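Each chain, letter by letter, is given below.
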Amino acid sequence: MSVLSPHSPPRHARWWQRPGVVIALLVVLPPVGIVLAWLSDWPRRKKTIAIVLSALWLALFVATPSKAEHEDKGKAAAPKPAGRASASPAPSPTPSETPSPTPPPTPTPTADPQMPDVVTMPYGKASEALKKLVDGGTEAYSAYTDVELVNDHDDWTVCFQSPSAGTPLAPAHAAPKIHVAPPGTPCPKSKNTELHPKPTTEPGPDPDRKPGTGGASGGSAGGGGVGVVHPGAFCSPQGATGVTTKGTPMTCAPSTGGRNRWRSA
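Residues numbered from 1 in each chain as written. Predicted model: local features only at pLDDT ≥ 70, side-chain atom pairs only at ≥ 80, totals over all residues. Heavy atoms only, no water.

J.: Can you help me understand the pairing of strand β6 (residues 249-254) in this one?
T.: Each regular strand displays side chains that alternate between the two surfaces of the sheet. Where strand β5 (residues 241-243) lies against β6, 3 bridges are found, and the strand directions are antiparallel. Note that in β6 the partner of threonine 241 across the bridge is threonine 251. Taken together, β5 and the strand that follows it, β6, pair antiparallel across an intervening segment of 5 residues, in which glycine 247 is found at a positive phi of about 90 degrees. Of the strand pairs in this sheet, β6 and strand β7 (residues 260-264) are connected by 5 bridges, and their pairing is antiparallel. Bridge pairing in β7 places proline 254 opposite asparagine 260. Counted between consecutive antiparallel strands, the loop separating β6 from β7 contains 5 residues, among which glycine 258 sits at a positive phi close to 95 degrees. (Pairing = 2+ DSSP bridges. Helix = DSSP H or I, 4+ residues; strand = E, 2+ residues; numbered from the N terminus.)

Set out below in structure tokens:
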């Protein structure tokens with residue numbers, strides 16, 4: 001057997017005695033809600049608070065003038081026109097202008113890339129850097145005339161470059177020339193230098209040479225002698241011979257680039 005709380009509504013309470021209905025009427029219809037709240041089984045403190053709040057809400061609603069009263073007061077205060085004014089036609093709406101599409105900006109032509117400074121870099125690293133700037137690749141040469149350039153020379157050190165750093169490059173046609181030296185070998189002071197120059201000796205007297213005869217005829221008799229040549233310079237035909245200013249014998253032989261150069265015999 002359950003015991004009802006003295007403050008809870010009885011089970012047989014009618015709809016207008018329910019707390020939810022009473023609270024709604026206190027807001028919507030304050031006079032009716034105040035009466036029902038007073039007759040309810042709520043505690044006296046709760047009744048007092050609900051009735052006071054509902055009364056304040058009703059007073060605020062009554063004291064606030066309606067929108068119709070504001071309009072009536074405005075019409076009464078407005079002066080009446082002296083004569084009947086003709087109704088002016090309502091202005092026609094101005095059509096808005098359709099914004100024209102903005103043309104895309106004209107791309108600014110980019111300047112040709114410049115030759116970077118790749119001296120002292122490994123050839124493999126320098127070649128990768130140049131591939132990003134030019135389409136023609138690079139041409140590698142040995143910095144020494146008596147040292148052949150091997151096929152795998154990525155670890156060789158760059159000694160000279162052409163063109164020099166800062167020179168504009170034409171990507172479609174440029175093919176920078178790189179002169180490299182083997183690992184652990186210092187770079188020469190200039191290109192076309194021998195790493196191991198042969199010692200030069202002054203030619204001694206020819207015992208078979210007759211007095212009054214010159215040595216030029218003997219050189220020409222060989223059929224391939226061209227006189228004094230410069231090591232590493234281009235030459236032709238293949239197989240021709242010559243000597244340097246120091247007397248070192250030289251031979252015209254193919255180089256890595258496919259062209260003939262003067263090399264030590």
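J.: Any chance you could explain the packing of helix α1 (residues 19-28) against helix α2 (residues 30-39) here in plain terms?
T.: Relative placement of two packed helices is described by the angle separating their axes and the distance separating the axes. Close contact between α1 and α2 brings their axes to 6 Å; oriented N to C, the two are set at 145 degrees. Once α1 is placed against α2, the crossing between them reads as left-handed. Taken together, the residues of α2 that come into contact with α1 (itself represented by Val22, Leu25, Leu26, Val27 and Val28) are Pro30, Val32, Gly33, Ile34, Leu36 and Ala37. (Axes fitted to C-alpha atoms, helices over the stretch in contact; angles between N-to-C directions. Left-handed = near helix turned anticlockwise from the far one by under 90°. Contact = heavy atoms within 4.5 Å.)

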